[in-house]
Amino acid sequence: MLSIFSDEHFMKEAFKEAQKAFDEDEVPVGAIIVCDNKIIARAHNMTERLNDVTAHAEMLAFTSATDYLGGKYLNECTLYVTLEPCVMCGGAAYWTQLKKVVYGASDEKRGFSKLSKNILHPKTEIISGVQSVICGEILTQFFERKRG
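Residues numbered from 1 in each chain as written. Predicted model: local features only at pLDDT ≥ 70, side-chain atom pairs only at ≥ 80, totals over all residues. Heavy atoms only, no water.

1. Side note on the packing of aromatic side chains
The final tally for this structure, using the stated rule, is six aromatic pairs. The ring of Phe22 carries Arg145 above its face, with NZ or CZ at 4.4 Å from the centroid. (Phe/Tyr/Trp six-rings, centres within 6.5 Å; stacked < 30°, edge-to-face > 60°. Lys NZ or Arg CZ within 6 Å of the ring centre and 35° of its normal.)

2. Considering the pattern of salt bridges
Scanning the model with the defined rule gives eight salt bridges in all. Among the ionic pairs, Asp7 bridges to Lys100, the shortest N-O distance being 3.7 Å. Here Asp7 is found in helix 1 (residues 7-23), whereas its partner Lys100 is found in strand 4 (residues 100-105), with 93 residues between them in sequence. A relative accessible area of 18% means that Asp7 is categorised as buried. Here Lys100 falls in the buried class, since its relative accessible area comes to 17%. Each of Glu13, Lys16, Glu17, Lys20 and Arg42 takes part in salt bridges that share partners, so that together they form one network. (Salt bridge = Lys/Arg side-chain N within 4 Å of Asp/Glu carboxyl O. Helix = DSSP H or I, 4+ residues; strand = E, 2+ residues; numbered from the N terminus. Buried < 20%, exposed > 50% of the residue type's maximum accessible area, 1.4 Å probe, protein only.)

3. Digging into helix 4 (residues 87-96)
Among the residues of helix 4, Cys89, Gly90, Gly91, Ala92, Ala93 and Thr96 are the ones counted as buried. One or two positions beyond helix 4, positive phi appears at Gln97, with a value near 60 degrees.

4. Some words on the UniProt feature "binding site: Zn(2+)" (unreviewed entry) in the chain
The UniProt record marks His56, Cys86 and Cys89 with the feature "binding site: Zn(2+)" (unreviewed entry), using the residue numbering of this structure. Spanning 34 residues, the named residues nonetheless gather at one spot, since no C-alpha pair among them exceeds 9.3 Å. Taken from the residues named earlier, the lining of the largest pocket is made up of His56 and Cys86. By the element assignment, His56 lies in the loop between helix 2 (47-50) and helix 3 (57-69). The exposure class assigned to His56 is partly exposed, which follows from its relative accessible area of 21%. Apart from the residues within four sequence positions on either side, His56 is in contact with Asn45, Thr47, Cys86, Met88 and Cys89. (UniProt positions renumbered as here; feature names shortened; annotations may be inferred. 1 Å grid on protein atoms, 1.4 Å probe; cavity = no way out; pocket = protein on both sides within 12 Å on 5 of 7 lines; lining within 4 Å. Contact = heavy atoms within 4.5 Å.)

5. Structural notes on unusual backbone geometry
Even without a glycine there, the phi angle at Asn51 is positive, about 50 degrees. At Gln97, a position not held by glycine, the phi torsion is positive, near 60 degrees. With respect to the secondary-structure elements, Gln97 resides in the loop between helix 4 and strand 4. A relative accessible area of 28% places Gln97 in the partly exposed class.

6. Some points on the nonpolar core
Ile33, Phe62, Leu79, Tyr80 and Leu98 are the most contacted members of the largest nonpolar core, which totals 35 residues. Listed by contribution, the elements that provide at least two residues to this core are helix 1, strand 1 (30-35), strand 2 (38-44), helix 3, strand 3 (77-83), helix 4, strand 4 and helix 6 (132-147). With sequence-adjacent residues up to four places away left out, Leu79 is seen in contact with Ala31, Ile32, Ile33, Glu58, Phe62, Leu98, Lys100, Val101 and Val102. (Core = buried A, V, L, I, M, F, W, Y, C linked by side-chain atoms within 4.5 Å.)

7. Structural notes on helix 1
A rise of 1.5 Å per residue sets the reference length of helix 1, with its 17 residues, at 24 Å; its end C-alpha atoms lie 24 Å apart and thus fit the reference within 8%. Turning to helix 1, its buried residues number three or more, namely Asp7, Phe10, Met11, Glu13, Ala14, Phe15, Glu17, Ala18, Ala21 and Phe22. Of the surrounding secondary structure, the elements contacted by the buried residues of helix 1 are strand 1, strand 2, strand 3, strand 4, strand 5 (125-128) and helix 6. Backbone geometry just downstream of helix 1 places Asp25 in the positive-phi region, at approximately 60 degrees. (Expected span 1.5 Å × (residues − 1).)

Take a look at the structure:
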């Protein structure tokens, strides 16, 4: 199906989730999952609130999307996430067989592409750098405030 919305449009929606995380004093990462031009899942980091190191935005979005669709595969879906997924989230993306992953800011220390180039499903398309400036700025602001 031809997308009526752009990657930038959907990344702005993911950024709204990152802002929620920022406001809740969580690392500001937001994610949405889109299927047939419809947002079917929204999530943001909740590791502090849930006291769960696996409660990354992507992981929560995967759970929500698979519940919505009634199946474990997201092979017709796109994940939009404000920060490059870590290896854990990349591995989970592999198992969901995502059609596409679109991320904003790169994660030079813990991003999946730095640690394991082949972690995503071979059919998954990757697009990086969408809205990277705003996605990176909120993270910088968060960590500067923490170190302040």
